[in-house]
Amino acid sequence: MVMLNLKGLTTETRNENTKNIDKMSTIDMVRLINQEDQKVALAVEKESENIAKAIDVIYEALSNGGRLIYMGAGTSGRLGILDASECPPTYGVSDELVQGLIAGGSEAILKAKEGAEDSKEFGKEDLVNIKLTPKDVVCGLAASGRTPYVIGGVEYAKEIGARTISVTCNGDSELSKVVEISIAPVVGPEVVTGSTRMKSGTAQKLVLNMLSTGTMIKLGKVYGNLMVDVKSTNEKLVERAKNIVVEATGVNKEEATNLLKATDFNVKLAIFMKLSGLSKEESQKVLDEKKGHISNSLETINL
């Protein structure tokens, strides 16, 4: 068995500020956790340039038939699955476009599966099973930056020519050394030593929000700041679709509803039809030519 030395990892260091948290009143405990959490956004801010580079890489890949594959273990893996699963309803993309893999498979989403993260081969196997191609991007998620499952996956991705990104919370980690783009917000020691579901998990969530949201904006899934490819799959989303059309075009709720019915609840098409004055067929043709970007499509017809 390989002996691990975690002492050099920032994520495993003991937090001097919280050494007596077990003796505090509840309100003081809450305030202290909140003070530590406030450090997270600032740590993420320092990685802005690397996050932007990663978004551009993902956008290029997805624009050319590739996919974004998150992979991680434990909290990191669950965060990747969360981000991936929310892309289809929010942005109208296929379930295949953004995927999340977790060490131990689907069972590990709800219940920790010990030992699954310790195999590089498992990481490779999971990518082989989804038929990873050179068109894809693999984003390895590991707070520690040393998870074998993730490193094995990233190494395989590089081997076949796929683009690689990492999101870790330790500077100069093993994982960061084997990827093309390393994103490493160093949030400092956790409130409870080694509990990386806390600040590290929050940092990773913020980064993943930026990666997927930034990519979808560049793909034309957003007009202004409105999610114009939202799928109307329940009553709340039907109402949201109507409100988006109202916000984007200035029509009343009744006309927004009629526009959506005329386009089979295609929010983007409904908005562009109203703003351009074109027919449904003409509107769809222009949008297709401009890869779904409403702003670019409107410029084309000189509005």
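A quick note: this is a predicted structure, and the numbers were derived from the prediction, not measured. (Residues numbered from 1 in each chain as written. Predicted model: local features only at pLDDT ≥ 70, side-chain atom pairs only at ≥ 80, totals over all residues. Heavy atoms only, no water.)

J.: Describe the overall build of the protein, with residues and values.
T.: Tallying secondary structure elements over the protein gives twelve helices and seven strands in all. Oriented by its inertia axes, the alpha-carbon framework of the protein measures out at about 65 × 50 × 35 Å. Only carbon and sulfur atoms are counted for the fraction: they give 50% of the accessible area of the protein, which is about 15,400 Å². For the protein, the distance from the average position of its 37 positive side-chain charges to the average position of its 41 negative side-chain charges is 1 Å. (Helix = DSSP H or I, 4+ residues; strand = E, 2+ residues; numbered from the N terminus. Areas by Shrake-Rupley, 256 points an atom, 1.4 Å probe, with all protein chains shown as cover. Lys, Arg positive; Asp, Glu negative; His and termini not counted. Charge placed at Lys NZ, Arg CZ, Asp CG, Glu CD.)

J.: Could you give an account of the packing of helix α3 (residues 74–91) against helix α7 (residues 199–218), with specific residues and numbers?
T.: One way to put it is that α3 packs onto α7 with a least axis distance of 10 Å and a crossing angle of 30 degrees. The orientation of α3 with respect to α7, classified from their angle, is roughly parallel. As for how α3 packs across α7, the hand of that crossing is right-handed. Contacts between α3 and α7 involve Thr75, Ser76, Leu79, Gly80, Leu82, Asp83, Cys87 and Tyr91 from the first element and Gly201, Gln204, Lys205, Leu208, Asn209, Ser212, Thr213 and Met216 from the second. Taken together, the residues of the contact of α3 with α7 break down into six nonpolar, eight polar and two charged. (Axes fitted to C-alpha atoms, helices over the stretch in contact; angles between N-to-C directions. Parallel < 35°, antiparallel > 145°, perpendicular 65-115°, else oblique. Left-handed = near helix turned anticlockwise from the far one by under 90°. Contact = heavy atoms within 4.5 Å. Nonpolar A, V, L, I, M, F, W, Y, C, P; charged D, E, K, R; others polar.)

J.: Just give me the short version of the pairing of strand β3 (residues 137–141), but keep the residues and values in it.
T.: Counting buried residues along β3, five of its five residues qualify, which places the element largely inside the surrounding structure. Burial along β3 is two-sided: Val137, Cys139 and Leu141 facing one way and Val138 and Gly140 facing the other are all buried. Bridge count between strand β1 (residues 68–72) and β3: five bridges; the pairing is parallel. Pairing of glycine 72 across the sheet is with leucine 141, part of β3. Bridge count between β3 and strand β4 (residues 163–167): five bridges; the pairing is parallel. Along β4, the bridge assignment pairs valine 138 with threonine 164. Between β3 and its parallel partner β4, the chain crosses via helix α6 (residues 148–160), and the hand of that crossover is right-handed. (Buried < 20%, exposed > 50% of the residue type's maximum accessible area, 1.4 Å probe, protein only. Pairing = 2+ DSSP bridges. Right-handed = clockwise from strand over helix to strand, strands pointing away.)

J.: Now, about the nonpolar core: what can you tell me, with residues and values included?
T.: Among the nonpolar cores identified, the biggest contains 35 residues, and Tyr70, Ile183 and Leu211 are the most heavily contacted of them. Within the residue set of this core, elements represented by two or more residues are α1 (26–45), α2 (48–63), β1, α3, β3, β4, β5 (181–183) and α7. Of all the elements, α2 adds the most residues to this core, at seven residues. For leucine 211, the contacting residues outside a window of four places in its chain are Ile51, Ala54, Ile55, Ile58, Tyr70, Cys139, Val167 and Ile183. With 23 residues, the next largest nonpolar core counts Val267, Leu269, Ala270 and Ile294 among its residues. (Core = buried A, V, L, I, M, F, W, Y, C linked by side-chain atoms within 4.5 Å.)

J.: Can you explain the environment of glycine 105? Please cite residues and give values.
T.: Along the chain, glycine 105 falls in the loop between β2 (98–102) and α4 (107–110). The exposure class of glycine 105 is partly exposed, given its relative accessible area of 27%. Measuring from C-alpha to C-alpha, the distance between glycine 105 and alanine 73 comes to 9.6 Å, with 32 residues separating the pair along the chain.

J.: Go over the domain arrangement of the protein, please, and point to the residues and values.
T.: Each assigned domain of the protein is listed here: domain 1 (21–219) and domain 2 (222–302). Computed over C-alpha atoms only, the centres of domain 1 and domain 2 are separated by 33 Å. Together, the buried faces of domain 1 and domain 2 total about 690 Å²; carbon and sulfur atoms form 55% of this surface. Between the two partners, domain 1 and domain 2, sit zero salt bridges. One can count three residue pairs in polar contact (both at pLDDT 80 or more) joining domain 1 with domain 2. Those elements giving two or more residues to the side of domain 1 that touches domain 2 turn out to be α3 and α7. Here the side of domain 1 that touches domain 2 gets four residues from one element, more than from any other, and that element is α3. Broken down by class, the residue content of the side of domain 1 that touches domain 2 amounts to seven nonpolar, two polar and one charged. (Domains from an automatic or database assignment. Buried area = accessible area lost by both parts, 1.4 Å probe. Salt bridge = Lys/Arg side-chain N within 4 Å of Asp/Glu carboxyl O. Polar contact = N/O pair within 3.5 Å; in protein donor to acceptor, adjacent residues only side chain to side chain.)

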